[in-house]
Structure formats: structure tokens, C-alpha cells
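In case you want the letters, here they are:
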Amino acid sequence: MSRDSAPLSVFVVTHTHWDREWYHSASRFRQRLIPLVDELLASPDEPPFLLDGQAILLEDYLAINSAAREPLTQALLRGRIEAGPWYVLADELIPGGEALIRNLLAGRRVLSDLGGATAPAVLYSPDAFGHPASLPILAEGFGIPLAVLWRGLGGIEWPSGDSFRWIAADGSSVLVHHLPPSGYEFASNLPSDPGSARRRWAEVERTLVPRARLGALLLLNGADHHAPQKDLKQAIDLLADAASPHQVERTGLRAAAQSLVERAGGAVLPRITGELRSSFGYTWSLQGTFAVRAPLKRRAVRLEREMVRDVEPWLALARRSSGVPPLTLEQAAWKTLLRCHPHDTLCGCSVDPVARAMAARLESAEDQARGLRADSIGALLGHDPDESIGNTPDWRPSVVVRNRAPRPRSGIAELELLSFVRDVAVGPDSAFSQPLETPDETLLIDGGRIRYQMLEESRRHDRLEPRRRYPDNDLVRAQRVVAWLPDVSGYGTVTYPISPGTGAAPDGHVRVGASPDGGVWLENGFLRVMHEPTGELSLSGNNGSLQLQGFIELEDVGDAGDTYTPSLIEPVIRAVATHRARLIHSGPLRGEIEAEFHLAIPDRSSRQGRAATTVSMTVRLSLVIDAGARFLRVRAACDNAARDHRLRIVFATGVREGGVYADAAFGPVARGPQPLPPYDGGRELALPTAPMHRYVTCSDDRSSMTIFANGATEYEVLNDGRLAITLFRAVGELSRADLPERPGHAGWPSPTPEAQCLGPIVSEMACLPHGPRTDQVIHEIEQSADDALFPLTGETIRALLAVPAATTGIDLDGVGLAFGACKRSEDDEWMVLRCSNLLDRDVGGSWRVDREMREARLSRLDESPGAVLPILDGRVEFVAGPRAVVTVLVR
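Quick caveat, the model's predicted, so the values are computed rather than measured.

Engineer: Got a minute to help me understand helix α4 (residues 97-113) in this structure?
Structural biologist: Working note: α-helix, 3.6 residues per turn, so residues spaced by three or four point in the same direction. Given a rise of 1.5 Å per residue, 17 residues ought to cover 24 Å, and the 25 Å separating the end C-alpha atoms of α4 matches this to within 8%. Of all 17 residues in α4, 14 are buried; the element is thus mostly enclosed. Of the residues trailing α4, Gly115 is marked for its positive phi of about 70 degrees.

Encoded structure:
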């Protein structure tokens with residue numbers, strides 16, 4: 001735009017980008033945060049300052065300086081300080097859609113608790129390593145019209161300019177303001193002398209003016225962990241002189257966003273769709289972090305799913321029962337988990353003390369989740385430990401089975417049975433107690449009517465913990481078993497008494513055998529897996545439609561990269577044939593073969609990959625088939641002793657040319673296969689790997705294969721159609737500057753020896769062969785994901801005084817509808833029910849709730865009540881538009 005064009009509005013927003021932990025711990029960065037906020041509060045009449053897009057910084061400040069709560073509240077209400085709407089600036093591609101919703105709800109709660117403050121109406125995400133295709137759904141669901149983004153957009157694959165309409169699969173849209181190639185620090189350290197100010201404006205004009213689509217420029221004045229610029233008023237005055245006749249104004253993000261939204265109202269803007277994961281030729285998108293510190297990622301992902309699928313629903317169903325934990329404890333558990341979601345934390349591109357802090361938070365959140373679930377199940381069943389204590393002769397030990405899916409299910413359940421061995425005293429007199437020990441007994445479930453297959457047994461302690469007395473502590477025999485159970489209602493429970501006795505063997509359809517030439521096989525009527533005499537593993541369908549030889553292999557390659565970017569070193573080490581195989585379980589309900597792969601991994605500690613020695617590593621692969629299951633479970637376990645390498649498990653799919661569909665936030669996205677763009681002249685090499693949530697499907701018009709992963713977050717579809725799941729990527733540096741794939745440092749260089757992931761590593765997956773990807777098959781994949789990741793399960797409660805009746809919870813009906821959430825609303829007035837339509841057409845659906853419903857309403861994601869829905873015969877019916885996310889409030 002020339003000087004003769006219409007003058008532009010130039011909005012200068014002063015800010016800091018605050019990575020809460022990165023090359024320092026959160027505690028060290030907090031020491032720098034306190035004086036920054038003190039400085040802001042000491043000058044209340046200055047223009048707004050953006051304290052990044054996350055509200056957790058307000059909590060961090062008040063944790064040290066609680067006396068400043070009122071001044072901070074006033075600064076937020078007057079607009080001197082802007083923060084939110086997020087609780088943390090999270091990575092957006094690894095967490096699920098529900099975690100992103102909890103993130104925004106928590107951020108809103110923090111601000112609301114500070115005198116009713118609100119955040120700018122902006123999904124401000126200036127540094128996330130890409131964005132999910134469903135982010136417009138999230139924006140619209142919280143009434144946010146604008147997103148400010150950087151990575152993942154720009155370059156040769158996208159339209160030019162700084163403003164777009166981003167459209168989600170359901171038609172939701174959000175206005176996007178795209179930051180320049182240098183991102184949120186483009187206007188940092190504005191010069192305070194006239195000559196330098198003119199040169200800086202010339203740079204601004206050259207970079208931003210040609211991209212301006214709305215007659216306005218957004219200049220973010222700040223950078224990582226920066227306090228306000230000292231001479232900022234003088235610097236902005238000089239910039240305004242240099243920019244004349246353009247109008248330079250120092251303002252807050254709230255006002256700038258409002259102007260951008262108003263200007264976009266009548267503008268014709270380019271429309272973009274899909275994920276934002278490539279900034280090829282524009283800036284780094286940093287798509288190589290998905291398998292760094294993989295064990296921590298697996299724990300975080302599994303815990304998030306557990307909170308959504310196996311904690312919140314029970315709390316919601318027990319919300320009016322005596323003894324149910326308060327909503328504040330549920331929110332506290334989520335906050336603990338969300339503190340693991342900032343992109344430098346969850347992505348693993350941080351120093352080792354940050355990873356250790358994340359591990360401690362995960363341990364705390366896991367403990368909170370277990371306690372919340374146990375207390376809510378106890379409340380749902382009416383079990384009061386205070387009544388049970390002292391009444392040991394009246395105890396009715398029972399196994400409580402729970403269904404963690406919103407539909408009735410029968411099938412294999414994984415149960416833990418406990419039987420009393422002896423009392424364990426605690427305290428000074430315990431040294432003189434001589435408890436009698438009960439001999440081991442065979443246990444019956446429901447008098448022997450439920451038969452089971454023993455998997456393993458051990459001894460451990462079991463405590464009954466009342467509120468008003470000391471715990472009752474016993475040594476027990478713990479048996480892990482699988483049993484075939486009849487229908488359990490959706491999110492319902494069934495309680496079976498357990499007692500000593502003599503039981504009969506279970507009936508089942510899993511068979512095992514050995515071929516004359518030394519092979520070992522399992523089958524269940526649907527699938528057959530075999531360890532061939534050659535050492536290869538094969539998978540076949542018993543109807544003859546599937547024949548996959550060499551079904552699984554392992555692949556290891558050197559990696560001289562850093563926590564941001566892989567730098568792979570040849571040769572690739574492949575293990576196709578197993579060293580040996582043995583039968584672990586022989587049915588009839590569960591069969592299991594354990595195969596061993598041995599790899600000799602070169603010592604690749606040098607950048608050139610010279611290998612004077614090798615490291616021997618054994619990977620134990622467990623292959624499990626259950627009665628009635630249409631999928632094969634696969635468990636890979638190893639003790640990693642090698643450095644600087646990447647280990648993957650590679651599955652044959654039988655699909656050579658077809659579509660790839662990866663589960664993501666609010667439903668799967670289509671991803672190629674597509675050719676990688678050429679090298680972009682020194683910025684960043686595009687990667688063939690991609691993020692995944694629960695599963696990836698490879699499909700053509702004849703057959704398909706879906707791989708479910710319980711926590712793995714990275715995959716690649718190879719040229720021959722095989723699917724590689726990364727087990728881990730082991731590296732020893734936070735950032736290197738000498739990578740040919742990404743020249744320059746992405747972070748401050750620091751050693752990260754713990755990112756080498758030395759020690760035990762376990763990954764669990766499942767393989768589902770199926771037909772072409774029709775609407776019905778999409779529905780079956782979703783149900784199989786529930787069955788693979790959240791099978792029927794149960795634990796023994798020994799101190800029940802009576803066997804409770806079965807409980808029924810919720811049912812979701814509708815082909816192609818995927819469960820999203822069942823939770824208590826933020827105001828604890830409603831039960832929130834959410835689902836996603838995975839199909840590209842309207843779907844009629846309904847919720848059944850086993851409670852008397854007196855009101856039902858549609859809602860946005862932010863739980864704002866909307867239109868009234870009719871309640872007919874105990875069901876709430878609705879229509880979900882194509883790929884829509886539907887939230888229903890009931891009470």
C-alpha cells in the first residue's frame with residue numbers, strides 16, 4: 001500500500017508472551033512475573049497491558065502476593081491488565097476437544113472470581129505449534145469472534161494476507177488475524193530515536209501493509225517474558241511521526257479486536273478450512289514434538305480421557321447423592337491436569353526439571369481422579385464407610401462392574417477380585433499382634449453364575465477409610481480376571497457378590513494352537529493371529545477377507561535432532577522376525593502370545609552417526625484376542641538403554657492407495673496421503689509424521705484398517721500403505737542450531753538427558769480390520785474405540801453391607817454420534833451432555849437419562865442455556881447437523 005492509499009489504523013498492543021515453564025521451571029519464571037505485575041499495578045493509569053492469553057498467571061501472582069488481590073481485581077476491571085480467555089496457553093493438537101473446553105471454562109472461572117472480570121473476546125494463541133480444524137467450533141461455542149494465531153498458517157499453501165474466515169466442518173467460523181513471520185515479537189523494543197523509528201516503520205510498512213485486508217495493522221509490542229518497554233510512550237510517538245498519515249494508537253487487545261471484527265463485518269475475506277499445521281516458507285510450525293518425552297505424553301493423554309470418560313460422568317450421575325465430592329474438587333483435578341498442557345510442557349520441548357514437575361502434577365491428578373471416581377461410585381451405590389466400619393461380619397464383598405460407554409454393553413470385562421487374607425494392625429501395639437491368616441480360596445462371582453478366566457494374582461493391602469475413625473486395613477489376595485458379562489446399561493453399574501466356593505471353567509470362543517512346524521496361533525471366530533515358524537507375525541480374518549503376512553515389524557533409526565525437530569540418521573534398523581514366542585493365556589476368554597524382537601541399535605551419539613558399539617534392546621510384543629472381539633490388542637514393552645534414536649511399530653494395513661483419517665478434537669480429519677512440499681530454502685523441512693488422538697484409519701473402496709492407540713500421539717503412513725506408530729523419540733538437547741532440517745535455535749540450548757527416555761516404556765494399541773469407510777463403519781469404529789480403550793471393568797468393594805441394585809445412567813442413540821461429555825455444569829444446576837456428529841449429514845439423536853428430567857435445553861459449549869428441547873418418554877431428542885457438536889443441558 002502506498003502513501004497515496006487510505007490511511008491505516010495501527011494498533012500497538014503492549015504485551016508479554018509468558019511461557020510459564022520452558023528453559024526455567026515455573027517457580028523461577030514466577031520470580032520474574034511478580035515484579036512485572038507489581039510494576040503494572042504501580043501505574044494504574046497507563047494504557048492496557050496484555051498479560052498473555054492465559055489466566056493462570058493471575059493465580060501465580062496471587063499465590064505469592066495475595067495482599068494485592070484487590071488492586072489486581074481493579075486493574076482487570078478497568079482494563080489496565082488484560083488476561084485470558086485460556087487458563088493456560090496449551091498445545092492445541094495433542095489435547096482433546098473436551099480438554100480445550102475445560103481450559104476455557106477454567107480461565108473464565110479465574111477471571112470471574114476476580115470481581116467478575118472478563119477476557120478480551122479473542123482466542124489468543126500466539127505460539128501454539130499448529131491448530132485443530134475444529135478451533136472455529138470452540139470459538140463460536142464460547143461466543144468469541146476473533147482468533148489471533150501465528151504458527152501453522154502462512155506460506156505457499158495458504159492465501160496471502162493477514163485476515164481470513166476460518167470455517168470448520170460444521171460451518172462454524174471465526175475471523176482469524178494472522179501474525180507476521182516473526183510472530184508476536186515483531187514490534188518488540190520499538191526504537192526511541194527518530195532515525196531508528198523511521199527505519200522500523202519502513203520494516204513494518206514493507207512487512208505488514210501489503211498483507212492488510214481490513215485497513216488496520218496489529219503491532220504486538222513485547223516478547224517472551226518481557227516487562228513493559230521503559231521508553232514506550234516516546235517510542236510510539238516517534239513511530240506515529242514516521243508512519244504519518246497512518247494513525248498509530250496504543251490500545252489493548254480488547255479494543256483492537258473489536259475494531260478488527262467490526263471492519264471484517266462488510267469485508268470479503270479468503271476462506272480457509274481444515275487444520276493449520278503448515279507454515280511452509282513462512283515460519284516454523286514445529287511439527288516434530290509429538291513423540292518427544294512419549295511416556296509423559298501417554299500419561300497425560302490417558303488421564304485426560306479418564307477424566308472425561310471415567311470420572312466426570314459418575315460425578316454427574318451421583319450429583320444429588322449423599323457423599324458425592326463437591327464440584328470444586330472436580331475442577332481442582334482438571335486444573336492440575338491443565339497445568340501440564342502448555343505447549344512447551346506437554347510438547348516436551350522444555351528442560352528436565354519441567355518434565356519432572358509435569359510428572360509430579362500427573363501423579364497428583366491421577367490420584368485425584370481415582371479418589372473422585374471411588375467416592376462418586378460409592379455415593380451412587382449408597383455405600384457409607386462409616387456404617388461399615390466395625391461391622392466386619394456383615395460385610396458382603398462384591399465386585400462393582402461399571403460401563404464407561406453411553407450404550408448398553410455385554411462382553412469381556414476386566415475385573416479385580418479381592419479376598420481377605422489377614423488383618424494388618426497399625427500403631428505401637430501392632431508389633432505384638434498375631435493375626436491369623438486365611439488360606440487362599442477360590443472365589444465365585446454371583447454364586448458361580450459369572451465364570452471367569454484367571455490372568456494373574458498377587459497380594460496387596462486394601463483399606464476401608466471412614467471419615468470418623470481410623471482405616472480398617474487388611475492384607476488381601478488380588479486376582480486379575482476376565483469374565484463374560486451380560487448387558488450393563490450405558491454408564492450403569494452392576495454389583496455381583498463374591499464368595500468362596502468351587503467354580504466351573506468359563507465358556508468362550510478363543511482357541512489356541514501350535515502348527516506342526518512350530519508356529520503358535522490364536523483365534524476367536526473373527527480374527528486369527530499367528531507367530532509363523534519363520535518368526536513373522538500374520539493376521540487373518542476367519543472369513544478369508546484378510547491375509548496380512550509380516551503384519552508387524554519394528555523400525556529404529558538414529559535421531560540427532562532436538563526436542564523440536566527430528567534429524568534422522570541412516571541406517572534404518574528393522575526387526576521383522578521375532579526371536580521367540582510363547583503362549584501366555586490360552587483362553588477360552590482371552591488368548592495371548594508374547595513375541596520378542598531383538599534390535600542391535602548403533603551408538604549414534606556423534607552427529608555423523610559413526611557407531612563403534614551397539615546397544616542391544618529387546619521389545620516384548622503381547623498380542624491379545626478376547627472372546628467376541630473384532631480387534632487385536634497389541635502391547636509393546638521395552639527397557640530403552642539407547643540414546644538418540646526413534647523407535648516405531650509398523651503395521652501392515654492391506655491398504656496401498658486410499659484415504660487416511662486421524663482422530664482429532666471433535667472427530668476425525670482427512671489427511672492425505674499427499675506429497676510433501678519441497679524444502680523451503682532453509683527455514684524448516686516438512687515432516688511426514690502427524691498427530692493422532694485415539695485412532696488412525698487407512699481406507700480404500702475394498703477394505704480398511706484402524707489402529708487404536710492408548711496414548712501414542714504420532715503416526716506416519718508409509719508409501720506402501722503400512723502405518724507406523726512412534727513409540728518414542730529419544731534426544732538429548734532442548735535445541736540445536738546445526739540441524740539441516742531446521743537451521744537455527746528453536747529454544748535456548750540446554751541439555752535434556754532425561755528426554756532420552758531411558759528405562760521402561762510401554763505402549764498399548766489395538767488393530768481393527770473392517771470394510772470400506774461408510775457411515776455405518778464410521779459408527780462401528782467409534783464404538784470399537786470405546787471397547788478397546790474403555791472396556792467393561794470392575795473392582796471389589798469388600799465392605800458393602802448389602803448388594804446394591806444395578807444402576808442405569810445415560811444412553812446416546814444415533815448412528816455416527818460420538819460421546820463427548822457427561823458432566824456437572826459450571827453452576828452445578830445442570831447435567832451437561834455433549835456429542836459430536838462424525839457424519840457429513842444430519843443425524844437424529846437422543847439422550848436417555850435415568851433421572852426424572854424436568855427441563856432440557858440446547859447450549860453453547862460455554863454452557864449458556866439456549867432453546868428448550870422436548871422430553872418424550874424419558875428421552876431428549878435433537879438433530880445434529882453435519883459434523884456438528886451438540887451440547888444439551890438437562891435437569
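Don't stop here, the text continues.
Engineer: In this structure, what is going on with the pairing of strand β39 (residues 817-824)? I would like to understand it.
Structural biologist: Side-chain direction in a regular strand flips from residue to residue, so the side chains alternate between the two faces of the sheet. Of all eight residues in β39, eight are buried; the element is thus mostly enclosed. Pairing analysis gives seven bridges linking β39 to strand β40 (residues 831-837), with the strands arranged antiparallel. Opposite Lys823, over in β40, you have Val832 as the bridge partner. Turn length for the β39-β40 hairpin, with the two strands adjacent in sequence and antiparallel, is six residues, and the turn residue Asp828 shows positive phi of about 60 degrees.

Engineer: Where do I start with the sheet that holds strand β21 (residues 547-548) in this structure?
Structural biologist: The pairing of strands in a sheet comes from backbone hydrogen bonds and takes either a parallel or an antiparallel form. Strand order across the open sheet formed by five strands is β17-β18-β19-β20-β21, with antiparallel pairing between neighbours. Single-partner strands in this sheet number two, and they are β17 (511-514) and β21.

Engineer: Is there a simple way to explain the sheet that holds strand β11 (residues 398-402) in this structure?
Structural biologist: Overall, mixed pairing links the seven strands, which are arranged β13-β16-β11-β37-β12-β15-β14 in an open sheet. The sheet is open, and its two edges are formed by β13 (443-445) and β14 (452-464), each paired on a single side. In this sheet, neighbouring strand axes are inclined to one another by 25 degrees on average, regardless of whether the strands run parallel or antiparallel. For strand β12 (residues 409-423) and strand β37 (residues 792-797), the ladder comprises four bridges, and the chain directions are parallel. Considered in β37, the bridge of Ala413 is made with Leu792.

Engineer: Just checking my understanding: could you explain empty space enclosed by the protein for this structure?
Structural biologist: The probe, sized like a water molecule, is rolled over the atoms to show the empty space still left. Under the definition given, this model contains nine cavities of 30 Å³ or more. Estimated volume of the largest cavity: approximately 440 Å³. Lining the largest cavity are 28 residues, with Gly96, Gly97, Glu98, Arg694 and Phe819 sitting closest to its centre. Within the residue set of the lining of the largest cavity, elements represented by two or more residues are α4, α9 (294-310), α15 (775-789), β39 and β40.

Engineer: Please explain the pattern of salt bridges as it appears in this structure.
Structural biologist: Pairing between side chains of opposite charge can happen when the charged atoms of each approach one another. In total, this model carries 68 salt bridges according to the counting rule given. Between Arg102 and Glu98 there is a salt bridge, with the nearest N and O atoms lying 2.7 Å from each other. Linking Arg102 with Glu98, this pair stays in helix α4, spanning four residues, or about one helical turn. Comparing Arg102 with Glu98, the two get one shared label, buried. A salt bridge links Asp310 to Arg373; the nearest nitrogen and oxygen atoms lie 3.4 Å apart. Residue Asp310 is found in helix α9, and its partner Arg373 is found in helix α13 (residues 352-381); the two are separated by 63 residues along the sequence. Judged by relative accessible area, which is 13%, Arg373 ranks as buried.

Engineer: Hey, could you run me through the nonpolar core in this one?
Structural biologist: Among soluble globular proteins, nonpolar side chains are generally buried collectively. Core analysis: the biggest nonpolar cluster contains 102 residues, and Leu51 and Ile810 have the highest contact counts within it. Counting residues per element, this core draws most heavily on α13, which supplies 11 residues. Those residues in contact with Leu51 that sit more than four places away from it in its chain are Thr16, Leu33, Leu36, Val37, Leu57, Leu58, Ile81, Glu82 and Ala83. Membership of the second largest hydrophobic core comes to 59 residues, among which are Leu537, Ala575, Leu589 and Cys757.

Engineer: I keep staring at the packing of aromatic side chains and nothing clicks. Help me out?
Structural biologist: The description of an aromatic ring pair uses the distance of the two centres, along with the angle that the planes make with each other. Summed over all chains, the structure comprises 11 aromatic pairs. Ring geometry for Trp22 versus Tyr23: centroids 5.1 Å apart, planes at 65 degrees, classification edge-to-face. For Tyr23, a relative accessible area of 21% puts it in the partly exposed group. Taking the ring centre of Trp284 as reference, the NZ or CZ of Arg742 above it sits at 5.2 Å. Positioned above the aromatic ring of Tyr661 is the side chain of Arg773, whose terminal nitrogen or guanidinium carbon lies 3.8 Å from the ring centre.

Engineer: I'm lost on the side chain of Asp224 in this one. Help?
Structural biologist: Residue position: Asp224 is located in the loop between β8 (216-221) and α7 (232-243). No salt bridge is formed by the buried Asp224; its nearest oppositely charged neighbour, Arg151, is found at 7.5 Å. Apart from the residues lying within four places of it in its own chain, the contact partners of Asp224 are Thr16, His17, Asp19, Trp22 and Tyr184.

Engineer: Mind showing me how you'd approach the pairing of strand β41 (residues 843-849) here?
Structural biologist: Counting buried residues along β41, six of its seven residues qualify, which places the element largely inside the surrounding structure. Of the pairings in the sheet, the one linking strand β38 (residues 810-813) to β41 comprises four bridges and is antiparallel in character. Following the sheet pairing, Ile810 is matched in β41 by Val849. Note that β41 and strand β45 (residues 875-880) share six bridges and pair antiparallel. Across the sheet, Trp847 pairs through a bridge with Val876, a residue of β45.

Engineer: Quick question: what am I supposed to make of unusual backbone geometry here?
Structural biologist: A negative phi angle is the norm for most residues apart from glycine, just as the trans form is the norm for most peptide bonds. Put simply, Ser244 and Pro245 share a cis peptide bond, and its omega is 15 degrees. Looking along the chain, the bond that leaves Glu570 and enters Pro571 is cis, with omega of 5 degrees. Unusually for a residue other than glycine, Cys757 sits at a positive phi of about 55 degrees. For Cys757, the position within the fold is in the loop between β35 (723-730) and β36 (759-770).

Engineer: Explain the packing of α4 against helix α11 (residues 327-338) to me, please; I cannot follow it from the model alone.
Structural biologist: For any two helices packed against each other, the geometry is given by the interaxial angle and the distance between the axes. Running from N to C, α4 and α11 point in directions that differ by 110 degrees, and their axes come no closer than 10 Å. If you check the angle between α4 and α11, you find them roughly perpendicular. In this structure, α4 crosses over α11, and the sense of that crossing is left-handed. Touching Ala99, Arg102, Asn103, Ala106, Arg109 and Val110 of α4 are Gln331, Trp334, Lys335 and Leu338, all from α11. Residues of the contact of α4 with α11, tallied by class, amount to five nonpolar, two polar and three charged.

Engineer: Any chance you could explain the packing of α9 against α11 here in plain terms?
Structural biologist: Two elements in contact, α9 and α11, have axes separated by 11 Å at closest approach and are oriented at 160 degrees. Our classification of the angle between α9 and α11 gives roughly antiparallel. For α9 against α11, the interelement crossing comes out left-handed. Every residue of α11 that contacts α9 at Ala300, Leu303, Glu304, Met307 and Val308 is listed here: Glu330, Ala333, Trp334 and Leu337. Looking at the contact of α9 with α11 residue by residue, the classes come out as seven nonpolar, no polar and two charged.

Engineer: Got a minute to help me understand the side chain of Asp559 in this structure?
Structural biologist: Here Asp559 is to be found in strand β22 (residues 552-559). At 2.8 Å, the side chain of Asp559 forms a polar contact with the backbone nitrogen of Gly561. The contacts of Asp559, once residues within four sequence positions are left out, are Pro566, Ser567, Leu568, Asp644, His645, Arg646, Arg729, Ala730 and Val731.

Engineer: Can you help me understand the environment of Trp748 in this one?
Structural biologist: The topology assignment puts Trp748 in the loop between β35 and β36. According to the relative accessible area criterion, Trp748 is exposed, its value standing at 51%. Ignoring sequence-local partners within four residues, the contact set of Trp748 consists of Trp22, Tyr23 and Leu734.

Rules behind the numbers
Residues numbered from 1 in each chain as written. Predicted model: local features only at pLDDT ≥ 70, side-chain atom pairs only at ≥ 80, totals over all residues. Heavy atoms only, no water. Helix = DSSP H or I, 4+ residues; strand = E, 2+ residues; numbered from the N terminus. Expected span 1.5 Å × (residues − 1). Buried < 20%, exposed > 50% of the residue type's maximum accessible area, 1.4 Å probe, protein only. Pairing = 2+ DSSP bridges. Axes fitted to C-alpha atoms, helices over the stretch in contact; angles between N-to-C directions. 1 Å grid on protein atoms, 1.4 Å probe; cavity = no way out; pocket = protein on both sides within 12 Å on 5 of 7 lines; lining within 4 Å. Points joined across faces, edges and corners; volume = space filled by probe spheres on them. Salt bridge = Lys/Arg side-chain N within 4 Å of Asp/Glu carboxyl O. Core = buried A, V, L, I, M, F, W, Y, C linked by side-chain atoms within 4.5 Å. Contact = heavy atoms within 4.5 Å. Phe/Tyr/Trp six-rings, centres within 6.5 Å; stacked < 30°, edge-to-face > 60°. Lys NZ or Arg CZ within 6 Å of the ring centre and 35° of its normal. Lys, Arg positive; Asp, Glu negative; His and termini not counted. Parallel < 35°, antiparallel > 145°, perpendicular 65-115°, else oblique. Left-handed = near helix turned anticlockwise from the far one by under 90°. Nonpolar A, V, L, I, M, F, W, Y, C, P; charged D, E, K, R; others polar. Polar contact = N/O pair within 3.5 Å; in protein donor to acceptor, adjacent residues only side chain to side chain.

The analysis is restricted to geometry; functional conclusions fall outside its scope.
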